[in-house]
Amino acid sequence: MPVDAQYGVPRPAKLAHLLDLARAAHVNLLRVWGGGLLETEEFYGLCDRLGLMVWQEFSMSSSGMASTPALDQEFVDLMEREAHAVVPPRRHHPSLVLWCGGNELQDEKGNPLDESAPVLRALRDAVGRLDPERAWLPSSLSGVEFLNRADNIARNPDGLHDVHGPWEHQGLAEHNGLYDSGTCLLHSEFGVEGMANRRTLEHLVPDEADRWPAGRENPVYAHLGAWWNNAPLIQDAFGARIDDVDTMRRASQHLQYDGLRYALEANRRRAFRSSGTLPWQFNEPVPNAWCTAAVDHRGDPKPAYHGVRRAYRPLHVCAAFTGPAWAGRETVTAEVWAWATGPLPAGTAVARIVDAYGTEAARRSWPLTPTAAGEIGRPLHLGTLSAPLEAVGTDVFFLDLALNDTAGTALARNRYLCSRTTDLAPLLDLPPARIEAVAEPHEESADRGRIRLRHVDGPAAPGLIFEDARPYDRPGWAVFGDNVIDLLPGEETAVDVVWREAPPDDRVVRISGWNTGEHHVR
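This report concerns the structure included in the present document. Here the structure is a predicted model, which is why all the values come from computation and not from measurement.

**Section: the environment of Val87**
Here comes step 1: Tracing the backbone shows Val87 in the loop between helix H3 (73-86) and strand E3 (96-100).
Here comes step 2: For Val87, a relative accessible area of 0% translates into the label buried.
Here comes step 3: Among all residues touching Val87, those that are not within four sequence positions of it are Phe58, Trp99, Val127, Leu130 and Asp131.

Rendered as structure tokens:
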């Protein structure tokens, strides 16, 4: 998405910040959406330097009125002139890998459009003359089926080549199953929605009384991302017990984080049939109260950003399972997977089911060797982890996964928050946990530091979120090396923080979780 809807105003620091965030999340391709802009020289120059590939679409997109481009010759000629204006100034950039006719262009029957459409045929021919070495696609998506939907997968499993959707969390019982059943070759647009970060919401809706209720029934939210407002689904996932905006924000952001992470992992488990996955959307050009963006308009990552970053890691361990709410099942079962962009390390993979007090209900381990996957980059199915549900001691529990080197040091970790009940409401009933957060300065840079986090007492402290606690209008950003931390009893961890373009006088970090209250660290 464009950095800002007011795109005529240069914002070089914000652009550099956003692209640095993309690179830090292990992103290697950015799709410049056909409903947005033909991006700038500054954008392409930064992508060149950061090693980010660019998929650039022409300015045509689906809409609420029509998704079929005009057929008249005047429009075709206009778009051909557009190609002659925009292709030559950008074709020297090594980051540019693909030209695309536009976003979600369809025929009158709703099928993805190809070059049988006069305007797409003209654009293809123009690109072929002006930039013949670049790849070309007529539209994103390019079919055969349009939507990544369960009925399409069942009816035509080999017809999901480049598909879009869904853009919403599918619910605790359905979400994981949809992505586990996926067959597409390229998933070039899909997402999960969630509320804005705290200070963005407070800036958007300054009167506290106007922030609740947070659903579409509140007219204040009508123009603040109502399309993505899924408050009823959030209530359903938490037993209809949410009665304040802070809990609604935390709950919605948890589902966005968890749902997007799982979707990416499911697609990556299908390598190499699945050749790419591009979640919608990285950033937002206007501030919204609800949105599918992983980074909000101010430039602050939402928890979902860190879910994407975790799933895109070059060394990763994950699980496939039916969903986070386990009531009605006798056994908790998960299939454990690992992969690496290079050879797997020598060591051990460890999978556990642990309750909120760290008591193990199940544990399995598997040896890792550099040749275990048989092919570099291919996902490795390690095995099955299971335990009787009645053996899990608390309503809140975790699937805890780690890849350890030969010395037992964790090289990659991943945790999934689960419930023994029908929903995630037990998170609202967790007894208090006590944590300790201490700032450690960097020896060489005043703009860098580390926050050491230690569990002191009580049950696990899940979903610990680090936020820049300064007012919304203060310049710059706090960039955290990790976020959304689940601390089990007795654990400690350290999170790096970099202050980017931020004055040193009022730097403060807020740390909060489901059952920890708030901690402020300077």
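**Observations concerning the packing of H3 against helix H4 (residues 118-130)**
Here comes step 1: For the pair H3 and H4, interaxial distance at closest approach is 9 Å and the crossing angle is 25°. Considered as vectors, H3 and H4 are oriented roughly parallel to each other. Crossing geometry of H3 relative to H4 is assigned as right-handed. Contact residues: H3 offers Phe75, Val76, Met79, Glu80, Ala83 and His84, while H4 offers Pro118, Val119, Ala122, Leu123, Ala126, Arg129 and Leu130.
Here comes step 2: Per-class residue counts for the contact of H3 with H4 are 10 nonpolar, one polar and two charged.

**Considerations on the packing of helix H1 (residues 12-24) against helix H2 (residues 41-50)**
In a pair of packed helices, the angle between the axes and the distance between the axes together describe the arrangement.
Here comes step 1: In contact at an axis separation of 10 Å, H1 and H2 are set at 35° when each is read in the N-to-C sense. For the element pair H1 and H2, the recorded crossing hand is right-handed. When H1 is examined against H2, the residues Leu15, Ala16, Leu19, Asp20 and Arg23 are found in contact with a partner set consisting of Glu42, Phe43, Leu46, Cys47 and Leu50.
Here comes step 2: A per-class count over the contact of H1 with H2 returns seven nonpolar, no polar and three charged.

**Some thoughts on the pattern of salt bridges**
Here comes step 1: Scanning the model with the defined rule gives 37 salt bridges in all.
Here comes step 2: A salt bridge links Arg198 to Glu467, with the nearest nitrogen and oxygen atoms 3.4 Å apart. With Arg198 in helix H7 (residues 198-204) and Glu467 in strand E19 (residues 461-468), this pair connects stretches of sequence that are 269 residues apart. Take Arg198 and Glu467: they sit in the same class, and that class is buried.
Here comes step 3: Arg454 is paired through a salt bridge with Glu436; the nearest N and O atoms lie 3.3 Å apart. With Arg454 in strand E18 (residues 448-457) and Glu436 in strand E17 (residues 434-441), this pair connects stretches of sequence that are 18 residues apart.
Here comes step 4: For Arg454, a relative accessible area of 32% corresponds to the partly exposed category.
Here comes step 5: Take Glu436: its relative accessible area is 36%, and that puts it in the partly exposed class.
Here comes step 6: Each of Arg352, Glu360, Arg363, Asp400, Arg413, Arg415 and Glu491 takes part in one network of salt bridges that share partners.

**A few points about unusual backbone geometry**
Here comes step 1: Of the consecutive residues Ser140 and Leu141, the connecting peptide bond is found in the cis state with omega at 0°.
Here comes step 2: Note that Leu141 resides in the loop between strand E4 (135-137) and helix H5 (150-155).
Here comes step 3: The peptide bond linking Ala271 to Phe272 adopts the cis configuration, its omega dihedral lying at 15°.
Here comes step 4: One non-glycine residue, His26, lies in the positive phi region at around 70°.
Here comes step 5: Summarising the element assignment, His26 is placed in the loop between H1 and strand E1 (29-32).
Here comes step 6: Located in the positive-phi region is Ala240, a residue other than glycine, with phi close to 55°.
Here comes step 7: Structurally, the position occupied by Ala240 is in the loop between helix H8 (231-237) and helix H9 (245-269).
Here comes step 8: Accessibility expressed as a relative area gives 60% for Ala240, which makes it exposed.

**Structural notes on the sheet that holds strand E14 (residues 380-388)**
Here comes step 1: Spatial ordering of the open sheet is given by E10-E11-E14, a layout of three strands whose pairing is antiparallel. Two strands bound the open sheet, and with one partner strand each, they are strand E10 (315-320) and E14. When strand polarity is set aside, the average angle formed by the axes of neighbouring strands in this sheet is 25°.
Here comes step 2: With six bridges joining them, E10 and strand E11 (residues 331-340) adopt antiparallel strand pairing. Within E11, the residue paired with Leu315 across the bridge is Ala340.
Here comes step 3: Here H9 sits on the sheet in contact with E10 and E11, set at roughly 100° to E10.

**Focus on the environment of Arg268**
Here comes step 1: Note on placement: Arg268 falls in helix H9.
Here comes step 2: Sequence separation between Arg268 and Leu141 is 127 residues, and the spatial gap between their C-alpha atoms is 19 Å.
Here comes step 3: Not counting the four nearest positions on each side in its chain, Arg268 is found in contact with Ala311, Tyr312, Arg313, Trp339 and Pro379.
Here comes step 4: Within the structure, Arg268 has its side chain in polar contact with the backbone oxygen of Arg313 (distance 3.3 Å).

The rules behind the values
For every chain, the first residue of the written sequence is number 1, and numbering continues from 1 onward in sequence order. Residues qualify for local features only when their pLDDT is at least 70, as the model is predicted, and side-chain atom pairs are given and counted only at 80 or more; totals for whole chains, interfaces and linings, by contrast, use all residues. Calculation of side-chain values draws on the structure's entire complement of heavy atoms; hydrogens and water are dropped beforehand. Put simply, DSSP H or I for four residues or longer makes a helix, DSSP E for two residues or longer makes a strand, and each gets a number counted from the N terminus. Working definition: with a 1.4 Å probe on protein chains only, accessible area under 20% of the residue-type maximum means buried, over 50% means exposed, and in between means partly exposed. Contact definition: two residues touch when any of their heavy atoms are within 4.5 Å. All axes here are fitted lines through C-alpha atoms, helices being fitted over the stretch that makes contact, and every angle between N-to-C directions spans 0 to 180 degrees. The cut-offs work like this: below 35 degrees is roughly parallel, past 145 is roughly antiparallel, 65 to 115 is roughly perpendicular, and the gaps in between are oblique. By convention, the crossing between two helices is left-handed when the near helix turns anticlockwise from the far helix through less than a right angle, and right-handed when the turn is clockwise. Residues are grouped as follows: Ala, Val, Leu, Ile, Met, Phe, Trp, Tyr, Cys and Pro are nonpolar; Asp, Glu, Lys and Arg are charged; every other residue, Gly included, is polar. By definition here, a salt bridge exists when the distance from a side-chain nitrogen of Lys or Arg to a carboxyl oxygen of Asp or Glu is within 4 Å. Here, any two strands with at least 2 DSSP bridges between them count as paired. The term polar contact refers here to a pair of N or O atoms within 3.5 Å; inside protein, the definition further demands a hydrogen-donor-capable atom paired with an acceptor-capable atom, and it admits residues adjacent in sequence only when both atoms are side-chain atoms.

So yeah, pure geometry; function would need other evidence.
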